[in-house]
Every structure is written in C-alpha cells, then in structure tokens.
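# Residue-level structural notes
One letter stands for each residue in the lines below.
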Amino acid sequence: MSQSDKTNIETLRRLLCEAAGCDAKSPADFYTIMSFIESRTKESVGLTTVKRFWQYGGLISKPRQSTLNVMAQAIGYRGYDDFCEHYGDCSPSSNIVLGKGVKSADMKPGERLMLRWNPGREIEVEYLGNSTFRIVRSEGSKLQANDTFQAAYFALGHAAMLANVIHGDSSWPLYEIGQQGGLTLVRQLPSIGE
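As the structure is a prediction and not an experimental result, all values here were calculated from the model.

Calculation notes
Residues numbered from 1 in each chain as written. Predicted model: local features only at pLDDT ≥ 70, side-chain atom pairs only at ≥ 80, totals over all residues. Heavy atoms only, no water. Helix = DSSP H or I, 4+ residues; strand = E, 2+ residues; numbered from the N terminus. Buried < 20%, exposed > 50% of the residue type's maximum accessible area, 1.4 Å probe, protein only. Areas by Shrake-Rupley, 256 points an atom, 1.4 Å probe, with all protein chains shown as cover. Pairing = 2+ DSSP bridges. Axes fitted to C-alpha atoms, helices over the stretch in contact; angles between N-to-C directions. 1 Å grid on protein atoms, 1.4 Å probe; cavity = no way out; pocket = protein on both sides within 12 Å on 5 of 7 lines; lining within 4 Å. Points joined across faces, edges and corners; volume = space filled by probe spheres on them. Nonpolar A, V, L, I, M, F, W, Y, C, P; charged D, E, K, R; others polar. Phe/Tyr/Trp six-rings, centres within 6.5 Å; stacked < 30°, edge-to-face > 60°. Lys NZ or Arg CZ within 6 Å of the ring centre and 35° of its normal. pLDDT = per-residue confidence, 0-100. Contact = heavy atoms within 4.5 Å.

## What about the overall build of the protein?
- Across its full length, the protein carries five helices and nine strands.
- Along the protein, helices and strands appear, N-terminal first, in the series α-α-α-α-α-β-β-β-β-β-β-β-β-β.
- When each of the 194 residues of the protein is scored for burial, the buried share is 41%.
- Only carbon and sulfur atoms are counted for the fraction: they give 47% of the accessible area of the protein, which is about 10,600 Å².

## Side note on the sheet that holds strand E3 (residues 121-129)
- Sheet architecture is open: seven strands sit in the order E8-E7-E5-E4-E3-E2-E9, paired in antiparallel fashion. Each of the sheet's edge strands pairs with one partner strand only, and the pair in question is strand E8 (170-177) and strand E9 (183-189). Geometrically, the sheet is characterised by an average inter-axis angle of 30° between neighbouring strands, direction not taken into account.

## Here's the deal with the layout of surface pockets
- Space inside the second largest pocket adds up to approximately 420 Å³.
- Contributing to the lining of the second largest pocket are 16 residues, with Arg-121, Tyr-175, Glu-176, Gln-179 and Gln-180 lying nearest its centre.
- Taken together, the residues of the lining of the second largest pocket break down into six nonpolar, five polar and five charged.

## Thoughts on the packing of aromatic side chains
- Per the stated rule, a full pass over the model turns up ten aromatic pairs.
- With centroids separated by 6.0 Å and ring planes inclined at 25°, the aromatic side chains of Tyr-80 and Phe-83 adopt a geometry described as stacked. In this pair, Tyr-80 and Phe-83 both sit in helix H5 (residues 80-87), three residues apart, roughly one turn of the helix.
- A connected cluster of aromatic rings, assembled from ring pairs, spans Phe-30, Phe-53, Trp-54 and Tyr-56.
- In this structure, Arg-13 is placed above the aromatic ring of Phe-53, and the distance from its NZ or CZ to the ring centre is 5.3 Å.

## With respect to the confidence of the model for the protein
- Taken over all residues, the pLDDT of the protein has a mean of 85, while the share at 70 or more is 88%.
- Taken element by element, the predicted model of the protein shows its lowest mean pLDDT in H5 (80) and its highest in strand E4 (residues 132-139) (96).
- Between residues 90-96, whose pLDDT stays under 50, and residues either more than four places distant or in other chains, the model counts four contacts.

Below is the structure:
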C-alpha cells in the first residue's frame, strides 16, 4: 500500500470517527461505527471488518474496495475514489488556502452568499457588516433562518469556521461547516431587494 493510500485511509478513519461521534478505541466504539455506517448507507459492514479497518487488536489487512466505498458513502461521498479525488493526499499539515473564495472584508452590507457542502447542506446568508452574517435560508443544516455568525473567509473545497453563532436561544463559540470535503459551492448573489 502506498503512503498516499495509507494517508487517505487514515483520513477516512478520522472523518468516520468524527461523524459517528466516537474514538474507535473500545469494542463499543466499533459497534457505534458499524451502526452509523449502516444507518447512513443501508449497507451492512461486519464488526470484524470495522475492527480490521482500524487495525484494532492487531488485526491488519488491506481493506476491499467495496468496504472503502461504503465507508466513504457513510460520510457523504459517492465512493472511495470520489473521496480520494476530493482529498488527494490528505496528510495533516499546514497549508495556504488557495482557490476561489470570498472574504467578508470585501463584502458590503446587504450582499448575499450561497454556501453548499456535503451531504446535501445549503445556506443562503446576508452580510450585515463587521464580518457578521445572518442566515436567510437553510436546507439540511442545523443552522436555521435568522441565525447569525461571524466568518472571515469562505474557500471552495475547504471547511469554514463560523464563530459566535447565535442559534435561537443558544450560542456556539465555533461551528464548522464542510467537514466532509469542504464547501462545494461559494456563490455571491444579488443583494436582498435587488
């Protein structure tokens, strides 16, 4: 197995753990992951297969392509190739964010953005000034219309960190969108009322 394959599989493990809400360190965690995969894909992956994927208890084998496909589908990708195409070599490191993006410092109050990320999440936001946005419309996200947050930059293909989120009667210091492959759409829209 190449170093790139090892890195991609390690990233897939990490994202699956985050999505399933466990650490993959105990037998109960592997049941949680197995149930999460089945609930998201309607495909069954055996407990031993899941343990092998994490090399738990010294179990080591190269995962089958069909297993990798199901695991990638569980976190919103069409399959493992789609996951790898999006992440490429996923080794954790620092990196300059390049590519298409929108800086809040370049926006004027009233301007809007549409943001989309996997799996099937979309929000339309209005810029209020001072790096603050209000959600106008939300589909498939925990974020709802009239929630507000602060953000400095939205980059296509990268996750976005939203700060000081006001969600109804709750507030969240940080909320990350696009964990599963980054933002898939960052589009400026006409101002409200235009």
